[in-house]
Amino acid sequence: MSIKLRSSSDLLLNGFHILKADYPSSAAEISDLLEDAEFEGTIPQEALLNAQHSLVTPLKRLVEELSWLPELSQQQTTKALQAISAQEWNQLPEQTDHFPELARANILAHCLSQTEGTEALVRSLCKCWDNIRVSAAVEFINENRKLAGFPLADSSRIEGALSSLCLQQAAVAANAIWRSGVPGLLMNTIVEKELARKADSTFLKNLVREYDKSSESDLAVISQKIEYAVERVRIAEDDLKAHIEDIDGLLFRWDEINQPVQLYDQSRGHEEPRSKALYRGLRELSIDLANNHNCFEASLQLSEALLRTFPELESAAETLRGDVFDLEQLIEQEKSNRLLQPLFEACEAAKDTPNALIKSALRANGFSERAQGVVGRIAAAFNQANSNLADPSISYLIVRDLGLYWNNDKNDPETAFLLIDGLVTHACSSLQNNVREKLTEDRATLCENWKLGELQANLSNPAAAMRILDDLSSDAAPEKRREYAQLKKKIQQKKAVKYIKWGIFAAIGLVIFVINMEDDRRDRPYSTAQIQSSPSVTLSKTNAPGIPVPKRKTTPTYPELKPPIASGMTLSEGQLRYCIFQQERLEYMRNLYLTNSEIGHFNKLVADWNARCSSYRFRPSIKEKIEAETAKISTKLQQEARRTFGK
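No experiment lies behind these values; they were computed from the predicted model shown. (Residues numbered from 1 in each chain as written. Predicted model: local features only at pLDDT ≥ 70, side-chain atom pairs only at ≥ 80, totals over all residues. Heavy atoms only, no water.)

1. Things to note about the overall build of the protein
- Helices and strands together make up the secondary structure of the protein, namely 27 helices and 6 strands.
- Classification of the 647 residues of the protein by burial places 48% in the buried group.
- The contacts of the protein with a sequence gap of at least 6 include a subset with a gap of at least 24, amounting to 70%. (Helix = DSSP H or I, 4+ residues; strand = E, 2+ residues; numbered from the N terminus. Buried < 20%, exposed > 50% of the residue type's maximum accessible area, 1.4 Å probe, protein only. Contact = heavy atoms within 4.5 Å.)

2. Comments concerning the pattern of salt bridges
- According to the stated counting rule, one finds 36 salt bridges in the structure shown.
- The residue E334 makes a salt bridge to R338 at a minimum N-O spacing of 3.6 Å. Here the residue E334 and the residue R338 both occupy positions in helix α16 (residues 314-351), the gap between them amounting to 4 residues, near one helical turn.
- Looking at E334, the relative accessible area reads 27%, which means it is partly exposed. (Salt bridge = Lys/Arg side-chain N within 4 Å of Asp/Glu carboxyl O.)

3. Considerations on the nonpolar core
- The biggest cluster of nonpolar side chains holds 95 residues, and the ones touching the most others in it are L66, W129 and L207.
- If we ignore the near neighbours within four places in the chain, the residues touching L66 are L102, N106, A137, I141, I158, A161, L162 and L165.
- Among the nonpolar cores identified, the runner-up in size contains 52 residues, and V375, L397, L423 and L431 belong to it. (Core = buried A, V, L, I, M, F, W, Y, C linked by side-chain atoms within 4.5 Å.)

4. Focus on the packing of helix α14 (residues 273-293) against α16
- It is at 12 Å that the axes of α14 and α16 come closest, and there the two elements cross at 15°. As far as their axial angle goes, α16 and α14 are roughly parallel. Helix-helix and strand crossings are classified by hand; for α14 and α16 the assignment is left-handed. Mapping the contact onto sequence places K276, Y279, R283, S286 and A290 in α14 and S315, A316, T319, L320, D323 and L327 in α16.
- Looking at the contact of α14 with α16 residue by residue, the classes come out as 5 nonpolar, 3 polar and 3 charged. (Axes fitted to C-alpha atoms, helices over the stretch in contact; angles between N-to-C directions. Parallel < 35°, antiparallel > 145°, perpendicular 65-115°, else oblique. Left-handed = near helix turned anticlockwise from the far one by under 90°. Nonpolar A, V, L, I, M, F, W, Y, C, P; charged D, E, K, R; others polar.)

5. Concerning the state of the cysteines
- All told, the structure shown has 1 disulfide when counted by the stated rule.
- One disulfide bridge connects C579 with C613, the sulfur atoms lying 2.1 Å from each other. Since a negative S-S torsion denotes a left-handed disulfide, the C579-C613 link at about -75° is left-handed. Within this pair, whereas C579 is found in helix α24 (residues 573-590), its partner C613 is found in helix α25 (residues 596-613), the two being separated by 34 residues in sequence. Both residues of the pair, C579 and C613, belong to the buried class.
- C128 takes part in no disulfide bond, and the closest cysteine sulfur, belonging to C126, lies 9.3 Å away.
- Residue C128 is classed as buried on the basis of its relative accessible area, which comes to 0%.
- With no disulfide of its own, C166 lies 8.5 Å from the sulfur of C126, the closest cysteine sulfur. (Disulfide = S-S within 2.5 Å.)

6. Here's the deal with the packing of helix α15 (residues 296-309) against α16
- At a minimum axis separation of 9 Å, α15 and α16 run at an interaxial angle of 155°. In terms of orientation, α15 lies roughly antiparallel with respect to α16. At the point where α15 passes α16, the crossing takes the left-handed sense. For the pair α15 and α16, the contacting residues are F296, E297, S299, L300, S303, E304, L306 and L307 in the first and A317, L320, R321, D323, V324, L327, E328, L330, I331 and E334 in the second.

7. A word on the packing of aromatic side chains
- A complete count under the given rule lists 7 aromatic pairs for this structure.
- Members of the aromatic cluster, joined through ring pairs, are F16, Y23 and F140.
- Directly above the ring of Y405 sits K351, whose terminal nitrogen or CZ lies 4.9 Å from the centroid. (Phe/Tyr/Trp six-rings, centres within 6.5 Å; stacked < 30°, edge-to-face > 60°. Lys NZ or Arg CZ within 6 Å of the ring centre and 35° of its normal.)

8. Observations regarding the side chain of R585
- Relative to the helices and strands, R585 resides in helix α24.
- Taking the relative accessible area as the measure of exposure, R585 reaches 9% and is therefore buried.
- Within polar-contact distance, the side chain of R585 engages the side chain of E640 at 2.7 Å.
- Aside from chain neighbours lying at most four places away, what touches R585 is E560, L637, E640 and A641. (Polar contact = N/O pair within 3.5 Å; in protein donor to acceptor, adjacent residues only side chain to side chain.)

9. Comments concerning helix α17 (residues 355-365)
- Buried within α17 we find N355, I358, K359, A361 and L362. Seen along its axis, α17 keeps its buried residues to an arc of 165°; they face one direction. For α17, the exposed residues set more than 90 degrees away from the buried face come down to A356, L357, R363 and A364.
- Where α17 is buried, its residues touch α16, α18 (373-388), α19 (393-408) and α20 (413-425).
- Once α17 finishes, G366 follows within two positions and takes phi at roughly 70°, a positive value. (Arc of directions from axis to C-beta.)

Pasting the structure below:
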């Protein structure tokens, strides 16, 4: 049977204090004390009668006994009451440090009921309850009841009454904390230090729950304001940053209040449910901003605010860290795409320009903005991108792709060489070494592709042949230079050479852009783009009479360019190729056996394709060309589709 306590922890309202009774006082003595108090007339008659009733009724007497000053001497009791009357709240923890724990807890609870909470008062009360023992209370109460002539109290009843008293004093402490003016900060400090001192404290558990109850109204108001701010974000067409800042400020206020509860629940291996529900709702908003509206900056701003607010929600914090990383990648990718778009467009335009015009411009002014026509536009876009990109390698690879297109598709190694030579000549210091090396290799290979034909045509002209060999030697690898030197020597000596057997190996790789959709963290809503190189194409080794021209066998490469999210655009060849190739991959994925998480990932891929490729304009001749390419590499596209799901 539970014992109902008085609603107040005010010691001055205890029946023992009102009637000036002591624990051994009998019923007759209590009656005499009542008459004395009535005669004095300083306390209302009703209060005196209630005090008498509480002391002579066994169940009610137990409440008064436990919430008074058990085990204190008369001198200690007088000293405590004098300090209480003087309202020396700050000195009480030190003055009562040597008192029995239950009496000291009652004194500290009285202080907290009369004043605002402090760390010292609350933590002292918490320590008291760690040392209160039911057996000591049972022994003290029943010894004094024997002396007073009252029935002995059952130990289980005393234990229940102590639990109720502990909960009541936790509520008193929580209310005092709320009166402090900085409840969240004070409570967070108390929780951190008490968890470090004694994490399994019953009083701390009660204190956190009572504090949480007291915070409900404030959190409800903040939650309503957040809901209103979320609606404003959903309907806003611009100035999302200001609306997200409003949510950030509300989250800060929420965390000020709720963080102590989150911290305590985290120590118990749980996640505070109200904060987790709030986090889930706001993360859905962040995902919607990123996936459906391409508002990556606003999504990142909200995700960072959530991560600052809810680090105590461990699963949420892990997911948010992943979100922040993905969004930063997407923002950087979007920035790069904007910077590189003019370069992409200029390179695509160059593919439709007669090679003679391109070659003439490159010969006249090299790869520079001074060059006429499309070459000048490419150089201007190239320089503009490099001045803003953290990693300029991407812009070099885009222009390299154009050079390899002229060599592989147009069979014009001279124009390709002039372009790649310009890239190597103007290579910036921040260019990645592997890209620099690849460009140098390309230049040497293209020089061979161009000059070997001229060499064969000029074998009868030793002077011209010597100049061509000098050109070949300038970019050749050491072993090739030795071969060219030997050939020069033979030409100089005018020795007849019927057959010159030699081999040329060159690696020409075409850079393609592959979009890898990552799904490594649960529910993560975002993807990142990576640049990869296809396997290098090796030219065949040829043995032929005289000066051989190697047959250039190249594996066809089909560069794709992911179009931006839009409708009604006229797509470039690379963009149209992405849409048609990706549609082929998706059709194959549709027939794969997929798990639930894989189905979710597939749906995201379809939604992304619809956003980019469902409405566009194109040149029919290019579309026919790409559809023919699709048929040629259908097996490769199917392999790529399977790799998307690791199958």
